[in-house]
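Notes for the structure review
The chain contents come next:
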Amino acid sequence: MTGATLLSVVMPVHNALPHLDGAVRSILEQSYREFEFVILDDGSTDGSTERLRYWARKDSRIRLFEGERNLGPVGSSAHVVEHSNTTLVARMDADDLCAPDRLARQLKVLGDHPSAGLVGTLFDVIDEQGRRIRGPDLWRLTRKAPFVPFAAHGSIMFRRSVFDDVGGYRAECEYWEDQDLVVRMAAVTEVMVIPEALYQVRQWTSSTRATSGRERVENAVDLMYRAVARLEQGRSYDDLLRPRTPPGRVDPRVFISAGSIILWSGGRPRLFVRLLKRGRLRLDMRTMTALVWTGWGTVSPSSLRAFMGMLLRIRNKQSVGIFADPAPVRWSPPTIESDR
């Protein structure tokens, strides 16, 4: 994969200070340098626009677009891909970081596996200061589950042709548009995962989910869990995406998902009362887990972080031998049966 530019790195930006410079620099300093860097300033109001203009003047690989209004996570993601001019596209998020050889490693995977249309990598979680606070979910690669195992939108690289074939991002899947995209791409192409943390996701209090409307995000994540339940049954979830009245109560796991962002940001996820108010509570393990998690997070977030970290290390330790070889592995969700 040499010669003419084959790769676009695309990054939507909305109020990403003070971490924007680090994200831009981690792309510009990649060992593989032949790419265009498509950036959309998605209606920022915090000074991000000026910083992006600075970087665009400094490096000719940057193509900067400035939006007057905020398109949101789906609209801005679609915009940067639509304005890419290459056959391969790598995603980046504006407050994250990636390893210097990330692009080179992913390009090699797509070169070595012509039948693969997408490659992702595992990731570490870092805090506002860039300190590593959580390792990668290596154990997820051992499970055939409908959740995408790399679970970091910014870590993916894909063939533009496959993206276009499946219809790109879907507005109905806001806040889980990456999960939906990868599942649909996996139905028509191979999805590969590099079992190493070549990407770093920053958890901080001003991340998109942390600052968006609470009920809107809760409803969106509830829809994601219902879609995943369909996948587990080998059924399509497209009918769930039709317009409908938002649910009065939502899956209890919604509050663990929302609380995890706050927890790993170093905050106290005070969601126990919210769970009682909006959760679809039943006498089952799902409800019990959510009650314990949110209650624990409210009372002692530091000990919950320690417990979650210990649980991750135990799960990963059981998987280390399986993935001692850094060779990429294929991931696929449960097959959807067309006659059901």
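Attention here is on the structure that accompanies the text. Small disclaimer: the values here were computed from a predicted structure and weren't measured. (Residues numbered from 1 in each chain as written. Predicted model: local features only at pLDDT ≥ 70, side-chain atom pairs only at ≥ 80, totals over all residues. Heavy atoms only, no water.)

1. Observations concerning the pattern of salt bridges
Under the defined criterion, the tally for this structure stands at 25 salt bridges. The shortest N-O distance in the salt bridge between D21 and R51 comes to 3.0 Å. Placement of D21 in helix 1 (residues 20–28) and of R51 in helix 2 (residues 48–58) is noted, with a sequence separation of 30 residues between them. Between D59 and R61 there is a salt bridge; the shortest N-O distance is 2.9 Å. Taken as a pair, D59 and R61 share a single burial class, namely buried. Each of R170, D180, R184 and D238 takes part in salt bridges that share partners, so that together they form one network. (Salt bridge = Lys/Arg side-chain N within 4 Å of Asp/Glu carboxyl O. Helix = DSSP H or I, 4+ residues; strand = E, 2+ residues; numbered from the N terminus. Buried < 20%, exposed > 50% of the residue type's maximum accessible area, 1.4 Å probe, protein only.)

2. Some words on the packing of helix 8 (residues 214–232) against helix 9 (residues 253–264)
Here helix 8 crosses helix 9 at 120°, and the two axes come no closer than 9 Å. For the element pair helix 8 / helix 9, the angle class is oblique. Of the two possible hands of crossing, helix 8 and helix 9 adopt the one that is right-handed. Contact residues: helix 8 offers E218, V221, D222 and Y225, while helix 9 offers R253, V254, F255 and S257. Of the residues belonging to the contact of helix 8 with helix 9, the class tally is four nonpolar, one polar and three charged. (Axes fitted to C-alpha atoms, helices over the stretch in contact; angles between N-to-C directions. Parallel < 35°, antiparallel > 145°, perpendicular 65-115°, else oblique. Left-handed = near helix turned anticlockwise from the far one by under 90°. Contact = heavy atoms within 4.5 Å. Nonpolar A, V, L, I, M, F, W, Y, C, P; charged D, E, K, R; others polar.)

3. Some remarks on the environment of G120
Turning to its location among the elements, G120 is positioned in strand 6 (residues 116–126). Residue G120 is classed as buried on the basis of its relative accessible area, which comes to 0%. Counting along the chain gives 78 residues from G120 to L198, while the straight-line C-alpha distance between them is 9.2 Å. Ignoring sequence-local partners within four residues, the contact set of G120 consists of Q106, F150, S155, I156, M192, V193 and I194.

4. As for the pairing of strand 2 (residues 35–42)
Of all eight residues in strand 2, eight are buried; the element is thus mostly enclosed. By the alternation rule, side chains of strand 2 split into F35, F37, I39 and D41 and E36, V38, L40 and D42, which are all buried. Bridging between strand 1 (residues 7–13) and strand 2 involves seven bridges; their strand directions are parallel. Bridge assignment links V9 to a residue of strand 2, and that residue is F37. Viewed along the sheet, the connection from strand 1 through helix 1 into strand 2 turns out right-handed. The pairing of strand 2 with strand 3 (residues 62–67) spans six bridges and is parallel. When the bridges of strand 3 are listed, L40 appears paired with F65. Following the backbone out of strand 2, through helix 2 and into the adjacent parallel strand 3, one traces a crossover that is right-handed. (Pairing = 2+ DSSP bridges. Right-handed = clockwise from strand over helix to strand, strands pointing away.)

5. A look at a nonpolar patch on the surface
A cluster of nonpolar residues, F272, V273, L276 and L281, forms a patch on the protein surface that exposes about 330 Å² of accessible area. In this structure, L281 sits in the loop between helix 10 (272–278) and helix 11 (285–299). For L281, a relative accessible area of 35% puts it in the partly exposed group. (Patch = residues over 30% accessible without salt bridge, like charges linked within 9 Å, V, L, I, M, F, W, Y side chains within 5 Å. Areas by Shrake-Rupley, 256 points an atom, 1.4 Å probe, with all protein chains shown as cover.)

6. Thoughts on the side chain of D137
Residue placement: D137 occurs in the loop between strand 7 (132–134) and strand 8 (157–159). On the basis of relative accessible area, D137 is assigned to the buried category, the value being 8%. Looking at D137, its side chain comes within polar contact range of the side chain of R134, at 3.1 Å. If we ignore the near neighbours within four places in the chain, the residues touching D137 are L122, L312 and N316. (Polar contact = N/O pair within 3.5 Å; in protein donor to acceptor, adjacent residues only side chain to side chain.)

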